[in-house]
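Listed below are the residues making up each chain.
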Amino acid sequence: MAIDKKTVQKLAHLSRLELTEKEQEKMSEDLGDILDWVEKLEEVDTTNVEPLGNVNEEPIHLREDKADNFFSGDEALKNAPESDQGHFIVPKVLK
C-alpha cells in the first residue's frame, strides 16, 4: 500500500519530527511495507484460535505494586521550564 508524501508530512508534524526529503521517502516506503504486512496478516483464518494473554503457559509472577521512590510536587516542578499553581505547562499538541 502506498503512503503519499502529504500523509508522511502530517504524521511527522504530529510526531514533532523534522524529516528531510530523503527521510520522508524512506518513511513512506517503510510505512507502506508495514501496512502491506498488516493486510497479509488479515488474510490468516483465526476463527478457531483462542486469544492469548501470554504466549507462555508459565504463570506470570508479579511484584507487589508499591510506591517507594516519589517526589513532592515542588521537587517535581523544580526543573520544569514552565509551571503554574503546581502544574507543568506544556505546549498544545492537538488542535
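What you are looking at is a predicted structure, and each value in this text was computed from that prediction instead of being measured.

**Q** An account of helix α2 (residues 21–42) is requested, with residue identities and associated values reported.
**A** With 22 residues, α2 ought to run about 32 Å at 1.5 Å a step, and its terminal C-alpha atoms sit 32 Å apart, in line with that. Inspection of α2 places Gln24, Ser28 and Gly32 among the buried residues, and these make up the whole buried set. Buried positions in α2, seen along its axis, are confined to an arc of 75° and lie on one side of it. For α2, exposure combined with an orientation more than 90 degrees from the buried face picks out Lys22, Glu29, Asp33, Trp37 and Lys40.

**Q** I'd like to hear about a nonpolar patch on the surface, residue by residue, with values.
**A** Taken together, Ile34, Trp37, Val38, Leu41 and Val44 make up a surface patch of nonpolar side chains, about 490 Å² in accessible area. Along the polypeptide, valine 44 turns up in the loop between α2 and α3 (73–77).

**Q** An account of the pattern of salt bridges is requested, with residue identities and associated values reported.
**A** Within this structure, the stated rule accounts for two salt bridges. We note a salt bridge from glutamate 21 to lysine 5, for which the minimum N-O separation is 2.6 Å. In this pair, glutamate 21 sits in helix α2 while lysine 5 sits in helix α1 (residues 5–14), placing the two residues 16 residues apart along the sequence. Under the relative-accessibility criterion, glutamate 21 is labelled partly exposed at 43%. We note a salt bridge from aspartate 30 to lysine 26, for which the minimum N-O separation is 3.0 Å. Linking aspartate 30 with lysine 26, this pair stays in helix α2, spanning four residues, or about one helical turn. Classification of aspartate 30 by relative accessible area gives partly exposed; the value is 29%.

**Q** Outline a negative patch on the surface, listing residues and values.
**A** A cluster of acidic residues, Glu25, Glu29, Asp33, Asp36, Glu39, Glu42 and Glu43, forms a negative patch on the protein surface. Tracing the chain through its elements places aspartate 33 in helix α2.

**Q** How would you summarise unusual backbone geometry if you had to cite specific residues and measurements?
**A** Even without being a glycine, arginine 16 presents a positive backbone phi close to 60°. The class of arginine 16 is partly exposed, set by a relative accessible area of 46%. In this structure, glutamine 85 is a non-glycine residue whose phi angle is positive, near 50°. Relative to the assigned elements, glutamine 85 resides in the loop between β1 (83–84) and β2 (87–88). The exposed category is assigned to glutamine 85, whose relative accessible area is 72%.

The rules behind these values
- Residues numbered from 1 in each chain as written.
- Predicted model: local features only at pLDDT ≥ 70, side-chain atom pairs only at ≥ 80, totals over all residues.
- Heavy atoms only, no water.
- Helix = DSSP H or I, 4+ residues; strand = E, 2+ residues; numbered from the N terminus.
- Expected span 1.5 Å × (residues − 1).
- Buried < 20%, exposed > 50% of the residue type's maximum accessible area, 1.4 Å probe, protein only.
- Arc of directions from axis to C-beta.
- Patch = residues over 30% accessible without salt bridge, like charges linked within 9 Å, V, L, I, M, F, W, Y side chains within 5 Å.
- Areas by Shrake-Rupley, 256 points an atom, 1.4 Å probe, with all protein chains shown as cover.
- Salt bridge = Lys/Arg side-chain N within 4 Å of Asp/Glu carboxyl O.
- Lys, Arg positive; Asp, Glu negative; His and termini not counted.
- Charge placed at Lys NZ, Arg CZ, Asp CG, Glu CD.

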